[in-house]
Amino acid sequence: MNPVDIYTDGACKGNPGPGGWGVLLKSADSLKELFGGEALTTNNRMELMAVIQALKALKRPCAVTLHVDSQYVLKGMTEWLPGWKARGWRTASKQPVKNVDLWQVLDEVVNQRGHNIQWRWVRGHDGDAGNERADALANRGVDMALGRV
């Protein structure tokens, strides 16, 4: 499997408000940047969308090291997801899972694309070059959602 490092980030100006997502994909022989946005969204939705778009961009199964600065995404994928699914997409307190539409898409992308994913948390806005670039791309997504790009 081709090793790929992915950095993702989401941004929102107001929560809810205009938001954007950004992705930096790095492999031995290529570098790819992606971004997008929505006029009315939340930061958590943009964090999820960044990971979804990153994994969808890969054309074949890869060995992915996925760097996220969102504890929501990290814990959702590494801790909470099995319980949510077992409870019919409900939390431990029997409430509907927020952003269930995106969690279901992400679950499908993770399980049907054949990637070997290692989830890594990186502190946001702390000088990590990959995270800083993903953040800049997410802010371009906000600009796009506002019609500035």
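Our subject is the structure that appears above.
Residue numbers run consecutively from 1 along every chain, following the written order of its sequence. This being a predicted model, a pLDDT of at least 70 is required before a residue's local features are given, and a value of 80 or more before pairs of side-chain atoms are given or counted; all residues contribute to the totals for chains, interfaces and linings. Side-chain descriptors were evaluated using all non-hydrogen atoms of the structure, hydrogens and water having been removed beforehand.

Enquirer: Mind showing me how you'd approach the sheet that holds strand S5 (residues 116-121) here?
Expert: Paired through backbone hydrogen bonds, the strands of a sheet run either parallel or antiparallel to each other. The strand order across the open sheet built from five strands is S3-S2-S1-S4-S5, with neighbouring strands paired in mixed fashion. Two strands close off the open sheet at either side, each with one partner strand: strand S3 (30-41) and S5. Across the sheet, the mean angle separating the axes of adjacent strands is 20 degrees when strand polarity is ignored. Relative to S5, strand S4 (residues 62-68) runs parallel, the two being bridged by six bridges. Bridge pairing in S5 places Val64 opposite Ile117. On the sheet, helix H2 (residues 71-86) packs against S4 and S5 and is oriented at approximately 140 degrees with respect to S5. Paired strands, as defined in this entry, are two strands with at least two bridges between them according to DSSP. To qualify as a helix, a DSSP run of H or I must reach at least 4 residues; to qualify as a strand, a run of E must reach at least 2; elements of each kind are numbered from the N terminus. Lines are fitted to the C-alpha atoms to define the axes, a helix being fitted only along its stretch in contact, and any angle between axes, read from their N-to-C directions, falls within 0 to 180 degrees. Whether two residues touch is decided by their heavy atoms; if any such pair falls within 4.5 Å, the residues are in contact.

Enquirer: What is the right way to look at the packing of aromatic side chains in this model?
Expert: Stacked, tilted and edge-to-face are the three classes applied to pairs of Phe, Tyr and Trp rings, where Trp contributes its six-membered ring and a pair requires centres within 6.5 Å; stacked means planes under 30 degrees apart, edge-to-face means over 60, and tilted covers the rest. Under the counting rule described, the total for this entry stands at three aromatic pairs. For the pair Tyr72 and Trp103, a centre-to-centre distance of 5.3 Å together with 70 degrees between the ring planes defines the contact as edge-to-face. You can see Tyr72 sitting in helix H2 and its partner Trp103 sitting in helix H3 (residues 100-112), a full 31 residues away along the chain. For every residue, the accessible area (1.4 Å probe, protein chains only) is compared with the maximum for its type, and the residue is labelled buried under 20%, exposed over 50%, or partly exposed between those bounds. Residue classification places Tyr72 among the buried positions, given a relative accessible area of 17%. Classification of Trp103 as buried rests on a relative accessible area of 0%. Aromatic ring contacts, followed pair by pair, group Tyr72, Trp80, Trp84 and Trp103 into a single cluster.

Enquirer: Hey, could you run me through the layout of surface pockets in this one?
Expert: In this approach the atoms are scanned with a rolling probe the size of a water molecule, which exposes any empty space left behind. Using a grid of 1 Å spacing that covers the protein atoms alone, one calls a set of points a cavity when a 1.4 Å probe fits there but cannot get out, and a pocket when the set is open and has protein on both sides within 12 Å along at least five of seven lines; lining residues are those with an atom within 4 Å of a point. Grid points are joined across faces, edges and corners, and a volume is the space filled by probe spheres set on the points. The space that makes up the largest pocket amounts to roughly 220 Å³. Looking at the largest pocket, it is lined by 13 residues, and the ones nearest its centre are Asn2, Val4, Ser27, Ser30 and Leu58. Looking at the lining of the largest pocket residue by residue, the classes come out as six nonpolar, three polar and four charged. Polarity classes work like this: nonpolar for Ala, Val, Leu, Ile, Met, Phe, Trp, Tyr, Cys and Pro, charged for Asp, Glu, Lys and Arg, and polar for all others, with Gly in that last group.

Enquirer: What's the story with helix H4 (residues 129-145) in this structure? I'm lost.
Expert: What sets the pattern is the α-helix's 3.6 residues per turn: residues three or four places apart point alike. Here a helix's expected span is defined as the number of its residues, less one, multiplied by 1.5 Å. For H4, spanning 17 residues, the distance from its first C-alpha to its last is 24 Å, which sits close to the expected 24 Å at 1.5 Å a residue. Within H4, burial applies to Gly130, Asn131, Ala134, Asp135, Leu137, Ala138, Gly141 and Val142. The buried side chains of H4 occupy one side of the element, clustering within an arc of 165 degrees when seen end-on. Residues of H4 that are buried make contact with strand S1 (2-12), strand S2 (17-27) and S3. One side-chain oxygen at the N-terminal end of H4 lies 3.1 Å from the backbone nitrogen of Gly130; it belongs to Asp128. Just downstream of H4 lies Gly147, where phi reads positive at about 80 degrees. Each C-beta atom gives one direction from the helix axis, and the arc is the one those directions make. We call two N or O atoms a polar contact when they sit within 3.5 Å, provided that within protein one can donate a hydrogen and the other can accept it, with sequence-adjacent residues counted only if both atoms are side-chain atoms.

Don't take any of this as a statement about function, it's just geometry.
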